[in-house]
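Analysis of the macromolecular model
Here are the chains, one letter per residue:
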Amino acid sequence: MALIIACANQKGGVGKTTTTANLGATLSRMGKRILAVDMDAQANLTAHFGLERELETSVANALLDRNGELPIYRIEDDADTTIDVAPASLELASVEFQLAAVIGRELRLREHLERFRDRYDFILIDTPPSLGLLTVNALVAADCVIIPTEARFFSLQGLYMLQETITEAASLNPKIEILGVLLSKYDRRLREEKAVWQYLHERWGDRVFATEIGTNSKILEAASAGVPVNAYVGAKKARDAYQLLAREVLDRVEAARL
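Computed from a predicted structure; not experimentally measured.

Conventions used here
- Residues numbered from 1 in each chain as written.
- Predicted model: local features only at pLDDT ≥ 70, side-chain atom pairs only at ≥ 80, totals over all residues.
- Heavy atoms only, no water.
- Helix = DSSP H or I, 4+ residues; strand = E, 2+ residues; numbered from the N terminus.
- Expected span 1.5 Å × (residues − 1).
- Buried < 20%, exposed > 50% of the residue type's maximum accessible area, 1.4 Å probe, protein only.
- Arc of directions from axis to C-beta.
- Pairing = 2+ DSSP bridges.
- Axes fitted to C-alpha atoms, helices over the stretch in contact; angles between N-to-C directions.
- Parallel < 35°, antiparallel > 145°, perpendicular 65-115°, else oblique.
- Left-handed = near helix turned anticlockwise from the far one by under 90°.
- Contact = heavy atoms within 4.5 Å.
- Nonpolar A, V, L, I, M, F, W, Y, C, P; charged D, E, K, R; others polar.
- Right-handed = clockwise from strand over helix to strand, strands pointing away.
- Phe/Tyr/Trp six-rings, centres within 6.5 Å; stacked < 30°, edge-to-face > 60°.
- Lys NZ or Arg CZ within 6 Å of the ring centre and 35° of its normal.

**Thoughts on helix 10 (residues 236–256)**
Here helix 10 spans 30 Å end to end across 21 residues, near enough to the 30 Å set by a 1.5 Å rise per residue. Buried residues of helix 10: Ala 238, Ala 241, Tyr 242, Leu 245, Ala 246, Glu 248, Val 249, Arg 252 and Val 253, and no others. Projected down its long axis, helix 10 carries its buried residues within an arc of 165°, all on one side. Summarising the geometry of helix 10, the exposed residues directed more than 90 degrees from the buried face are Lys 236, Lys 237, Asp 251, Glu 254 and Ala 255. Arg 257 sits one or two positions beyond helix 10 and adopts a positive phi of about 55°.

Written out as structure tokens, the structure is:
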């Protein structure tokens, strides 16, 4: 039965999509069955896997129709990666408004994903840069959360706000917990970033992943090419980093018996 992991942070540009895409692709190469769900109207995860933005159906259709089907597309590449993707579309931008008066609106994603639990080992959810209904749907559906963050002091506020939202979501999903805080785009040469690194470890302790995703142009290039880093030439350093992250995720899941 799949473990559902939401990748969340209300701040944009901290690496949520790249974490979801590359962690999913790496776990796939390790033999895990993966479904990646795009809950962001910007559809960056959808584009990350080379899917067209103009799709007939998307996650938006499923959220608006609880009896409808979650659209899933299979992506395969030459790097031994097979991953299923539930794509996003611009229609997601209006879903929050359309569901505003609907009873159980926070449960829509969970209802759909429960139908797929037996098909996958991991379901990874990429969330928008906000703490609105789409992110709440992801948190209510998830077993645990990975929080990517930059090592910048102005990024720390997002951690506290997300933690409050997770606490609120626990009223509908008591089992949810934080799997870890991931330092993304980390540049250890910068004094501010080293100071934030120290603060995060003092404040969050073992919840901070030992693995850090450093600044790396190949990660951006791979995303622009519509492929994960394990399928991009010259991205060995980035591939190795996500390999370490995937192993750490598996170790944490095993230790917590999630």
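**Let's talk about the pairing of strand 1 (residues 3–7)**
In terms of residue burial, strand 1 counts as a mostly covered element, since 5 of its 5 residues are buried. Residues Leu 3, Ile 5 and Cys 7 of strand 1 are buried on one face, and the alternating residues Ile 4 and Ala 6, pointing to the opposite face, are buried as well. With 5 bridges connecting them, strand 1 and strand 5 (residues 122–126) associate as parallel partners. Following the sheet pairing, Leu 3 is matched in strand 5 by Phe 122. In this sheet, strand 6 (residues 144–149) lies alongside strand 1 in parallel orientation, the contact comprising 3 bridges. Paired with Cys 7 across the two strands is Ile 146, which belongs to strand 6.

**Side note on the packing of helix 6 (residues 133–141) against helix 7 (residues 156–169)**
At a closest axis distance of 9 Å, the pairing of helix 6 and helix 7 adopts a crossing angle of 60°. The orientation of helix 6 relative to helix 7 falls into the category oblique. For the element pair helix 6 and helix 7, the recorded crossing hand is right-handed. On the side of helix 6, the interface is formed by Val 136, Leu 139 and Val 140, while helix 7 contributes Leu 162, Thr 165, Ile 166 and Ala 169. A breakdown of the residues in the contact of helix 6 with helix 7 according to their chemical character gives 6 nonpolar, 1 polar and no charged.

**Remarks on the pairing of strand 7 (residues 177–186)**
The element strand 7 is largely enclosed, with a buried count of 8 among its 10 residues. Pairing analysis gives 6 bridges linking strand 6 to strand 7, with the strands arranged parallel. Bridge pairing in strand 7 links Val 145 to Ile 178. Each parallel crossover has a hand, and for strand 6 linked through helix 7 to strand 7 it is right-handed. Judged from the 2 bridges that link them, strand 7 and strand 8 (residues 213–214) form a sheet pairing that is parallel. Bridge pairing links Tyr 186 to Gly 214 in strand 8.

**Observations concerning the packing of aromatic side chains**
Applying the stated rule across the entire model yields 0 aromatic pairs. The ring of Phe 209 has Arg 252 sitting right over it, with the charged end atom 4.2 Å from the ring centre.

**With respect to the environment of Gly 205**
Tracing the sequence through the fold places Gly 205 in the loop between helix 8 (191–204) and strand 8. You can call Gly 205 partly exposed: its relative accessible area is 28%. A sequence separation of 148 residues divides Gly 205 from Thr 57, and the C-alpha atoms of the two residues are 42 Å apart.

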